[in-house]
Amino acid sequence: MSVKAFELVPAVERDLLMGDKARINIECIECCGKHLYVGTNDCFIHHFLLDEVASPMGKLSYSAQKLLNKYLGLKKPVAELRAASALERLIVLCDGMVFLVDMVTLESVPSAAGGGVKIRGVIAFCVNENPVNGDPFCVEMAILSSKRRTVQIYMVHKDRVQLVKEVSTPEQPCALSLDGYFLCLALTTQYMILNYNTGASQDLFPYNSEERRPIVKRISREEFLLAAPGGLGMFANAEGVSQRAPVSWSESVIAAAVSFPYVVALDENFITIHSMLDQQLKQTLSFRDGHILQDFEGKVILASTKAVYVLVPLPLERQIQDLLASHRVEEALMLMEGAQRNIPKDKFQVLHRRILQRAGFIQFGKLQFQEAKDHFRKGELDVRELISLYPLLLPASSSFTRFHPPLHEFADLNHLAQGDQEKVLQCKRFLISYLKEVRSTEVVNGCREDVDTALLKLYAEQDHDSLLDLLASENACVLADSVPCLEKYHKYFALGLLYHYNGQDSAALQVWTRVVNGDLQDSTRSDLFDYIVDFLCCCSNLDLVWKYADWALQKDSTKGVHIFIRRPLSTDQSELNPDKVITYLGKNKQALLLYLEHLVLEKKIQKEKFHTHLAVLYLERVLSLLSDSSADAEPLTKARERLQAFLRESNLYRVQFLLGKIEDCEQLLLERATLHGKLEEHDKALHILVHKLRDFPSAEAFCVWASSGRDPAYRQRLFHLLLEEYLGGEPRVGGGGELEMAAVDVLNRHGEVFDAVRVLRVLPESWSLQLLRPFLNRAIRASMHARHTSQIAVGLAHSENVQLLHDRLKERKKPIFVSEKKGCHLCHNTFKEPDVVCLPGGVPVHTHCVAQRIKDSPTKRHLTNSSNHT
Amino acid sequence: MPDVSKMKKPDVKVVLLGDMHVGKTSLLHRYTERKFKDTTSTVGGAFFLKQWGPYNISIWDTAGREQFHGLGSMYCRGAAAVILTYDVTNWQSLSELEERFLSLTDTANHDCIYAIVGNKADLTDPKAQLSPNSDSFSEDQTDIVEDRTEPQVLSACPTPPASPTSLSGVVPRKQVSREDAMALYGRILRYKGLDEKSSLPADKMCFETSAKTGYNVDALFETLFDLVLPSILRKRHENHESPTVDLEDCRGSGKRVRSSCC
């Protein structure tokens, strides 16, 4: 429970006041700045100068210097003293009279009107600390008059007092306090709030002021502290509402004051200190013969009957540290936040942060991570404070030293966990999540390296998935620390990433290749080889590419060649041009093939050299498979298909060169036929297909392929060639029938491409009509179709012609006169018939003359041809 | 626990009233801390600030002791809801509400709502022995009757229908039925001069709870909070309308704020 919030420091000792005169007692005190006034029961006012003396140990003490004492001459105790420093006056209550004395001389002040300034019949008075009237050279004062049930409001000036208001109360008041317009009064049986301006009143609660002395203490703007039944300290505001929970005093409280955030109360034997924040008793000080307790401008002063003491608050920071030291985090924070307005803003922030941090560590020690995290975040903790708890996490290069005074009592994590590995693990997980969250915030400005390195070490140790994410993204891991750590935990893939991030690709590749080679063990990526290939694809350092390409091709040439194939097109053409790569790959047939395929088939590079090279590679593969008698048929078929397809589709390779290579190979007849086809040596090709291979479907396919993209006549020529191959030559024994059947088939199947007339001419007489029926049907139909089409075309052309003629005549609208008297311009004979032909210009001539003229003209032949054609 | 929210200004006030030992502090404690623990007799009063949506609701726990009775009307001043609490095993605690506590509510808002709550229902009602929510109260439930430290004897009194069994301390009998509470509610409305038809129905405003098991506790507070929302809105609206500048809002400036400058 206990907090040391205050210290009791003697201010004025007995000898300075009354020496050994036993009958003299202190009756009242007033403190204004350094000036302390003490009123005694023998009608003296003593004036002291109170100086604070701070010892080198930081302990505060007071030295009092007596300036003056003055007998007021009334033989009665001085009941109350109040300073009005702006007026340089002390307001004195003595013997039922209020009057003013000079603050320095303690001489009674003569009234402006002559005589002393006096108010008679006063029981008690109070000064308004929050006056509505803003005049600084005038003090508002309320007095309880011995005149029954009234409160009077006075304005006190330097040399006069002025009654401004008088209000009556339902019962006799015995204590009062004033704030603004609000009087807070203790009546005989209850407390009440009374607005002296409007007269409105508000009952607070019952209290028997004859049983117990009431306390009415203004504590802040429109808020009062009152002694309530049962030894309570109740708070009430001007509206009669309690906004704070009451504090629990003893029954015999004499006086109370507020020194935020504490309520200090005095009873016969003790000073009790409660917090206004949680209403708990925080400190008890023994104090005998307590008599007076008052706060003056924030300073709490007490008096016994014989001596004066100051209740010095300990610095809040110290109190808070004490609370933290006993692990009372919540209380410390509450005190801090509650006392916010009593601490300068900049200082508060620093202190608040430190307390939050300390609180965080305490909770961290209890493994209350969520709370700890909140406090760390709010307290803007230097993350390294936390990291430094974990042995060896901070990089050796870190300049960090722990904050002094220390924020926590732990040497390190092991100390904290006391050997409990489960705890250690939890703490580590917490740190991971915390660092992960903060590393992207500004909290880590200036210590990014430390944070990232620590995180890397934790990830590596905990085998955490995020290790790779960390290294693959922007990070500030310190190489010197991270490398040994990653090596220790066999995180070689991650190590490579780290090297790469730091621009050391060579080192990265070295580590990775060693993993692939099995020299190092790291199962992070089972496809590390592929990763390396991809990496080399994008690697801008060509020396490295060449260096590791060898290794990669050796490991797996099919995958390895992707280093070159997948390389994105970039400016390094000169460095890594295809010729150079091909030369490089020369020895490695498989890789070369893939690379050439990539160039020719995918990138469609139109270079004879590559095409020929690829064709030769395909051919070589086929040849090697052919020569290997043990090989399966399957790969050979595939290889040949590839070769054939390429030979057919590419137009760039050197046909003669390839032909030379397979001329003597009797097994590659189909390929030879294709090559001949490429050379337009169709007869040779068809000869091979028909007579050597006897592969009639291929022969037909050849005709279709070789004529694709050409005009129909070309195709017709090819098919006729084929037909000749079938029918020509001497019919062989046995096989003759087969060729003839092929001929029939091709005719029946591709009838439309043949010139039927020519076909009929070459067909043997012996063939039955039935055999050729499909062909003939189609031929006749085609012929009929052609005829009809032409007729339609002629008809259409004719009609178009007539139409044009009509249009033309209409256009000219000029009659052409033909008469027997007119002569033809061509033969100069007269017209005998109405049929004439008009030459351009509307000149009529004989029909036969025009015909003659056309016959003689140079276009004659053309005209005859075209007429034939249609 | 007290926290930063202490510093915030409450929007509305809810007050717990009732005779001593009926369980006001325990009810509040159950609601705010989700547990039941031994409490000592409340001295004076205490309050708790509850964040309810965007609003701060202050809940005042008052002292039931006769000694502090005089403070009651001050606590009730400006209250938007009053929870009148009695003990279902103690007839006297219900009648005290009417005799002693009802007059304290004269200072409450004119539209204040009243709830009548019979606590310690776990002692008489089997269904109150199990908490409605899944919080684990197993340790509480094992010895529901035995370890109850409440001095039944003190408050047991011979008013009808007094029961001698409550003195035996074995199984306290239910002395107050829900109908009794609802009848009291009706009398309260009449006392306030409110029309029964336009007021909240007794059925809705009478609760039987157990702070020990948590039975009906959340329902009680949450029902009330929802019901006082209009009061908050009206209050805010009034504040908004008024030309007064809320100086409390601009914190950090000194405590002495004057309208005129000098």
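Residues numbered from 1 in each chain as written. Chains lettered and ligands numbered in written order. Predicted model: local features only at pLDDT ≥ 70, side-chain atom pairs only at ≥ 80, totals over all residues.

Peer 1: Got a minute to help me understand the overall build of chain A in this structure?
Peer 2: Each helix and strand counted, chain A has 31 helices and 30 strands in total. When burial is assessed residue by residue, chain A has 36% of its 870 residues classed as buried. At a minimum sequence separation of 6, the contacts of chain A that also span at least 24 residues come to 47%. (Helix = DSSP H or I, 4+ residues; strand = E, 2+ residues; numbered from the N terminus. Buried ≥ 20, exposed ≤ 12 C-beta atoms within 10 Å, placed from the backbone. Contact = placed C-beta atoms within 7 Å.)

Peer 1: Is there a simple way to explain the sheet that holds strand 4 (residues 81-87) of chain B in this structure?
Peer 2: Sheet strands pair via backbone hydrogen bonds, and the direction of the pair is either parallel or antiparallel. All names here are of chain B. Across the sheet, which stays open at both edges, the six strands sit in the order 2-3-1-4-5-6 with mixed pairing between neighbours. A strand with exactly one partner marks an edge of an open sheet, and here the two such strands are strand 2 (45-52) and strand 6 (206-208). Across the sheet, the mean angle from the axis of one strand to that of its neighbour is 20 degrees, orientation sign disregarded. Alignment of strand 4 against strand 5 (residues 113-119), held across seven bridges, turns out to be parallel. Along strand 5, the bridge assignment pairs Asp87 with Asn119. (Pairing = 2+ DSSP bridges. Axes fitted to C-alpha atoms, helices over the stretch in contact; angles between N-to-C directions.)

Peer 1: Even after reading the chapter, I still don't get the sheet that holds strand 10 (residues 122-127) of chain A, so can you show me in this structure?
Peer 2: Residue and element names in this part refer to chain A. Strand order in the open sheet formed by four strands is 10-11-12-13, and the pairing between neighbours is antiparallel. Each edge of the open sheet carries a strand with a single partner, namely strand 10 and strand 13 (161-168). Within this sheet the neighbouring strands show an average axis-to-axis angle of 25 degrees, counted without direction. Both strand 10 and strand 11 (residues 139-145) contribute to a ladder of five bridges, which runs antiparallel. Bridging across to strand 11, Phe125 finds its partner in Ile143.

Peer 1: Whenever I open this one, unusual backbone geometry confuses me. Can you help?
Peer 2: Among all residues except glycine, the phi angle is most often negative; among peptide bonds, the trans geometry is most common. Residues and elements named next belong to chain A. Pro261 follows Phe260 through a cis peptide bond whose omega is 0 degrees. Looking at the element boundaries, Pro261 is found in the loop between strand 22 (255-259) and strand 23 (262-266). The backbone phi angle of Glu380 is positive, close to 45 degrees, even though this residue is not glycine. For Glu380, the location among the structural elements is in the loop between helix 5 (369-378) and helix 6 (383-387). Exposure remark for Glu380: the 14 C-beta atoms within 10 Å place this residue in the partly exposed category.

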